[in-house]
Amino acid sequence: MTTIHPHIKTRNYHAALLPSINLQRQQQLPFATSVRKQGSEGKQRRQFKKTSAVVVKCAKGIQDFIGGDLVRFDLGRWLSDVEEHKSLAIYSPHEGGYEGRYLNRLRYKGYQFLDLSARGLGDPETTLTKVHPVCPAHLGKQPIARWYFPPEVDYRLQMLPPNATGLVVWILEAKVLSKAELQFLVLLPTLRPKVRVIAECGNWRKFMWTPLKEIAGFPAKEGE
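Residues numbered from 1 in each chain as written. Predicted model: local features only at pLDDT ≥ 70, side-chain atom pairs only at ≥ 80, totals over all residues. Heavy atoms only, no water.

A. Spatial organisation of the overall build of the protein chain. Across its full length, the protein chain carries 7 helices and 11 strands. Scored against the burial criterion, the 224 residues of the protein chain give a buried share of 31%. Nonlocal contacts in the protein chain, meaning residues at least 24 apart in sequence, comprise 71% of its contacts between residues at least 6 apart. When the accessible surface of the protein chain is totalled, it reaches about 15400 Å², and 53% of it is carbon and sulfur. (Helix = DSSP H or I, 4+ residues; strand = E, 2+ residues; numbered from the N terminus. Buried < 20%, exposed > 50% of the residue type's maximum accessible area, 1.4 Å probe, protein only. Contact = heavy atoms within 4.5 Å. Areas by Shrake-Rupley, 256 points an atom, 1.4 Å probe, with all protein chains shown as cover.)

B. Highlighting the pattern of salt bridges. Applying the stated criterion across every chain yields a total of 5 salt bridges. The shortest N-O distance in the salt bridge between Arg-119 and Glu-173 comes to 3.1 Å. Here Glu-173 lies in the loop between β9 (166-172) and α6 (179-191) and Arg-119 lies in the loop between β6 (111-117) and α4 (124-129), a separation of 54 residues in the sequence. Take Glu-173: its relative accessible area is 34%, and that puts it in the partly exposed class. (Salt bridge = Lys/Arg side-chain N within 4 Å of Asp/Glu carboxyl O.)

C. Structural context of helix α3 (residues 99-108). Restricting attention to buried positions, one finds in α3 the residues Glu-99, Tyr-102, Leu-103 and Leu-106. Buried residues along α3 cover an arc of 100 degrees about the axis, so they all sit on one side. Buried residues along α3 sit in contact with α2 (75-85), β5 (87-92), β6, β9, β10 (195-203) and β11 (208-211). Just downstream of α3 lies Gly-110, where phi reads positive at about 100 degrees. (Arc of directions from axis to C-beta.)

D. Quick peek at the sheet that holds β5. On the basis of which strands lie adjacent, the open sheet formed by 5 strands has the order β6-β9-β10-β5-β11 and mixed pairing. With one partner strand each, in any of the chains shown, β6 and β11 form the two edges of the open sheet. On average, each strand axis in the sheet is inclined to that of its neighbour by 25 degrees, with strand direction left out of account. In the packing of α2 onto the sheet, the strands contacted are β5, β6, β10 and β11, and the crossing angle to β5 comes to about 140 degrees. (Pairing = 2+ DSSP bridges. Axes fitted to C-alpha atoms, helices over the stretch in contact; angles between N-to-C directions.)

E. Structural view of the nonpolar core. Within the largest apolar cluster, 26 residues are counted, with the highest numbers of intra-cluster contacts made by Val-153, Ile-171, Leu-185 and Leu-212. At the level of secondary structure, the elements contributing two or more residues to this core comprise β5, β6, β9, α6, β10 and α7 (212-216). The greatest single-element share of this core, amounting to 5 residues, is contributed by α6. The residues touching Val-153, leaving out its near neighbours within four places in the chain, are Leu-114, Leu-128, Leu-167, Val-169, Leu-188, Arg-192 and Val-195. Trp-78, Leu-88, Phe-113 and Ile-198 belong to the second-largest nonpolar core, a separate cluster that totals 16 residues. (Core = buried A, V, L, I, M, F, W, Y, C linked by side-chain atoms within 4.5 Å.)

F. Summary view of unusual backbone geometry. One non-glycine residue, Lys-86, adopts positive backbone phi at about 70 degrees. Take Lys-86: it is sitting in the loop between α2 and β5.

G. Spotlight on a nonpolar patch on the surface. A surface patch of nonpolar side chains, about 280 Å² in accessible area, is lined by Val-134, Trp-147 and Phe-149. Note on placement: Phe-149 falls in strand β8 (residues 147-149). (Patch = residues over 30% accessible without salt bridge, like charges linked within 9 Å, V, L, I, M, F, W, Y side chains within 5 Å.)

See the structure below:
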């Protein structure tokens, strides 16, 4: 037993697995604190006042035994939402790494990936579905040149292996895109049926997602 206060005691855990950080409120134990007050004669007197302290303890959860950072219990719902909505806006923790669990599950289902950053993407419709020009840096010495590249999505769709389920367009830093650009990403799976869109639209305390059409400002259908 480790004593923190004469009236507060906590238990040491000697197991190999550390407890989780889920804190549970316990009963309040009274203890005495001293308060200094100045009397009428100008002298300070010490009075003891009874207060209460809250004792907390760490509780073990199922994630302490099976690896809560590796096993995600919402992967099934993640796969069904990708197939149902076809374009999702995701919010991941700032420290990163969690989105890789969901990306790998899509890869196990046979999806191929096209990773693009929203910064410098240009017009999404032109870059993804049309032949678009690219001007390389000339450094002030070479003449300004213009190269033409094939549509990114169409080119990747032609390169898909026969056993591939589809193509996932993963947009990084999609929070810088306008609503008009996000609306095109919502329509992209309609134009290219084998395409799914995942847009990183911000950060949150835990990994979460929502249909991209709700972020893009599409009007709700009748009956929803």
